[in-house]
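These are the residues of each chain, in order.
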Amino acid sequence: MAYVDGEIASQPDCWRQAADLAGRSEALPRPGERVAVVGCGTSWFMAMAYAALRERAGHGETDAFQASEFPASRRYDRVVAITRSGTTTEVLDLLGAVDAPTTAIVGDPSAPAAQLSSDAVLLPFADERSVVQTRFATTALALLRAHLGEDLGPVAVDAEVAVRAPLPVDPTMIDQVTFLGRGWTVGLAHEAALKAREAATFWAEAYPAMDYRHGPISVAATGRAVWAFGEVPEGLAEDVAATGAAFVHGSLGGGYSALGRWGGGRKPLDPMADLILAQRFAVALAASRGLDPDAPRHLSRSVVLA
Ligand code: F1P
């Protein structure tokens with residue numbers, strides 16, 4: 001069994017721990033603050049999700065940036081950096097350069113990011129051995145969601161379902177997947193696609209759902225899948241079906257019907273639990289291609305530049 005399997009399975013517990021921690025985390029953004037959230041790779045996608053959620057919750061203007069693309073001319077009340085390793089070069093460079101107070105959300109408490117930032121929120125219980133991130137990312141987002149006032153209890157219950165449920169797509173039956181999202185789930189879509197690329201060198205794309213018909217739909221075909229997180233724009237499922245591609249969404253029947261969870265009007269899984277299914281899908285893809293999902297090609301645990 002790969003390390004990542006155990007890390008994926010531990011997410012419900014990690015999310016509960018993070019939710020407990022959220023109430024005690026003084027260093028997280030206060031309502032009304034103008035905030036930038038930064039990261040690289042997976043951590044950037046979690047930043048995107050949080051930024052959309054924080055604005056939606058009315059807590060204040062929140063922008064997400066890839067750490068190397070932070071606009072130095074902008075002024076923020078706080079910069080939040082998400083970094084599992086705490087060693088990613090672009091993140092450390094930014095933490096050392098900005099004037100605003102900084103909060104690092106870090107997996108490794110001894111990492112430089114924890115020292116370089118004004119404040120740190122440490123998530124050692126969610127750190128990982130696998131190069132491919134799964135539970136650190138979602139646990140950081142669980143922490144931030146709980147800090148926005150969301151009740152993570154039902155979300156963790158959905159996660160319990162997602163770690164065991166049958167996969168909605170058979171990885172051996174498709175040769176391409178596109179993930180879609182709206183609002184905060186755009187970041188989740190990007191993360192799901194990155195998992196498939198990292199763990200399984202699989203052709204995976206991601207877009208905001210409303211933009212999908214503006215070009216990317218040309219890729220859709222029989223033997224390919226389109227997997228939507230969260231709200232689905234009207235008519236999109238039908239447009240995808242017309243291409244021959246499989247349309248995957250938590251509120252539809254398809255593979256999800258095996259759960260028997262939302263037959264009878266029950267609501268679909270929380271999109272963050274849906275991401276667990278996509279993580280498991282990426283690991284299953286790797287297995288079907290004879291790859292070790294813990295050791296992605298050309299990738300290390302963190303990118304430390306010379
Ligand atoms: C960020 C990151 C990961 C990626 C790989 C390299 O790491 O880009 O998203 O999967 O592990 O590093 P971090 O700053 O969150 O440690």
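The rules behind each value
- Residues numbered from 1 in each chain as written.
- Predicted model: local features only at pLDDT ≥ 70, side-chain atom pairs only at ≥ 80, totals over all residues.
- Heavy atoms only, no water.
- Helix = DSSP H or I, 4+ residues; strand = E, 2+ residues; numbered from the N terminus.
- Expected span 1.5 Å × (residues − 1).
- Buried < 20%, exposed > 50% of the residue type's maximum accessible area, 1.4 Å probe, protein only.
- pLDDT = per-residue confidence, 0-100.
- Contact = heavy atoms within 4.5 Å.
- Pairing = 2+ DSSP bridges.
- Right-handed = clockwise from strand over helix to strand, strands pointing away.
- Polar contact = N/O pair within 3.5 Å; in protein donor to acceptor, adjacent residues only side chain to side chain.
- Patch = residues over 30% accessible without salt bridge, like charges linked within 9 Å, V, L, I, M, F, W, Y side chains within 5 Å.
- Areas by Shrake-Rupley, 256 points an atom, 1.4 Å probe, with all protein chains shown as cover.
- Salt bridge = Lys/Arg side-chain N within 4 Å of Asp/Glu carboxyl O.
- 1 Å grid on protein atoms, 1.4 Å probe; cavity = no way out; pocket = protein on both sides within 12 Å on 5 of 7 lines; lining within 4 Å.
- Points joined across faces, edges and corners; volume = space filled by probe spheres on them.
- Nonpolar A, V, L, I, M, F, W, Y, C, P; charged D, E, K, R; others polar.
- Core = buried A, V, L, I, M, F, W, Y, C linked by side-chain atoms within 4.5 Å.
- Phe/Tyr/Trp six-rings, centres within 6.5 Å; stacked < 30°, edge-to-face > 60°.

A word on helix H2 (residues 11-22)
Then step 1. Between its terminal C-alpha atoms H2 stretches 16 Å, which fits the 16 Å expected from 12 residues at 1.5 Å a residue.
Then step 2. Taken together, the buried positions of H2 are Gln11, Pro12, Cys14, Trp15, Ala18, Leu21 and Ala22.

Some words on the confidence of the model for the protein chain
Then step 1. Across the protein chain, the average pLDDT comes to 93, with 94% of residues at 70 or higher.
Then step 2. Counting contacts from residues 252-265, a segment whose pLDDT is below 50, to residues more than four positions away or on other chains yields 24 contacts.

Here's the deal with the pairing of strand S2 (residues 62-66)
Then step 1. Burial of S2 is extensive: four of the five residues sit out of reach of the surface.
Then step 2. With five bridges joining them, strand S1 (residues 35-39) and S2 adopt parallel strand pairing. Each residue of the ladder has a partner; that of Gly39, found in S2, is Gln66.
Then step 3. The handedness of the S1 to S2 crossover, carried by helix H3 (residues 42-56), is right-handed.

Quick notes on helix H10 (residues 271-288)
An α-helical segment advances 3.6 residues per turn. Residues three or four places apart therefore align on the same side.
Then step 1. Spanning 18 residues, H10 covers 25 Å between terminal C-alpha atoms, matching the ideal 26 Å at 1.5 Å per step.
Then step 2. Of all 18 residues making up H10, 15 are buried, and the element is well covered by its neighbours.
Then step 3. N-cap assignment for H10: the residue whose side-chain oxygen lies 2.8 Å from the backbone N of Met272 is Asp270.
Then step 4. A positive backbone phi angle near 70 degrees is found at Gly290, which sits one or two residues after H10.

A word on a nonpolar patch on the surface
Then step 1. A cluster of nonpolar side chains, contributed by Leu299, Val303 and Leu305, occupies part of the molecular surface with about 220 Å² of accessible area.
Then step 2. Looking at the element boundaries, Leu305 is found in the segment after H10.

Some remarks on the pattern of salt bridges
Then step 1. Counted according to the given criterion, the structure contains 16 salt bridges.
Then step 2. For the salt bridge of Arg224 with Asp175, the shortest nitrogen-to-oxygen distance reads 3.0 Å. With Arg224 in strand S8 (residues 224-228) and Asp175 in the loop between helix H7 (153-162) and strand S6 (176-181), this residue pair connects regions lying 49 residues apart in the sequence.
Then step 3. Of the charged contacts, one joins Lys195 and Glu198 as a salt bridge, the two residues approaching to 3.2 Å between their closest N and O atoms. With Lys195 and Glu198 both in helix H8 (residues 185-200), this residue pair falls three residues apart, about one helical turn.
Then step 4. We classify Lys195 as buried; its relative accessible area is 1%.
Then step 5. We classify Glu198 as buried; its relative accessible area is 17%.
Then step 6. Beyond isolated ion pairs, a larger network of salt bridges with shared partners links Asp13, Arg16, Glu160 and Arg164.

Looking at empty space enclosed by the protein
Then step 1. Tallied over the entire structure, the rule returns one cavity of 30 Å³ or more.
Then step 2. For the largest cavity, the calculated volume is near 30 Å³.
Then step 3. If you go around the largest cavity, the residues you meet are Val4, Ile8, Val132, Thr134, Lys195, Ala199, Gln279, Ala282 and Val283.
Then step 4. Elements with a minimum of two residues in the lining of the largest cavity: helix H1 (3-9), H8 and H10.
Then step 5. If one sorts the elements of the lining of the largest cavity by residue count, H10 sits on top with three residues.
Then step 6. Looking at the lining of the largest cavity, its residues break down into six nonpolar, two polar and one charged.

Looking at the nonpolar core
Then step 1. Judged by nonpolar contacts, the single largest core of 68 residues is most densely connected at Ile82, Ile105, Leu141, Val177, Phe179 and Trp227.
Then step 2. Ranked by the residues each element gives to this core, the list is headed by H10, at 10 residues.
Then step 3. With sequence-adjacent residues up to four places away left out, Val177 is seen in contact with Phe202, Trp203, Ala204, Glu205, Ala225, Trp227 and Phe281.

Side note on the side chain of Ser43
Then step 1. Among the secondary structure elements, Ser43 is positioned in helix H3.
Then step 2. The exposure class assigned to Ser43 is buried, which follows from its relative accessible area of 3%.
Then step 3. Residue contacts for Ser43: discarding those within four places in its chain leaves Ile82, Thr83, Arg84 and Gln133.

Observations concerning the packing of aromatic side chains
Then step 1. Enumeration over the complete set of coordinates arrives at nine aromatic pairs.
Then step 2. On the basis of an interplanar angle of 20 degrees and a centroid distance of 6.3 Å, the ring pair of Trp227 and Phe229 is categorised as stacked. The residues Trp227 and Phe229 share a single accessibility class, namely buried.
Then step 3. Among the aromatic side chains, those forming a connected cluster through ring pairs are Phe179, Trp227, Phe229 and Phe281.

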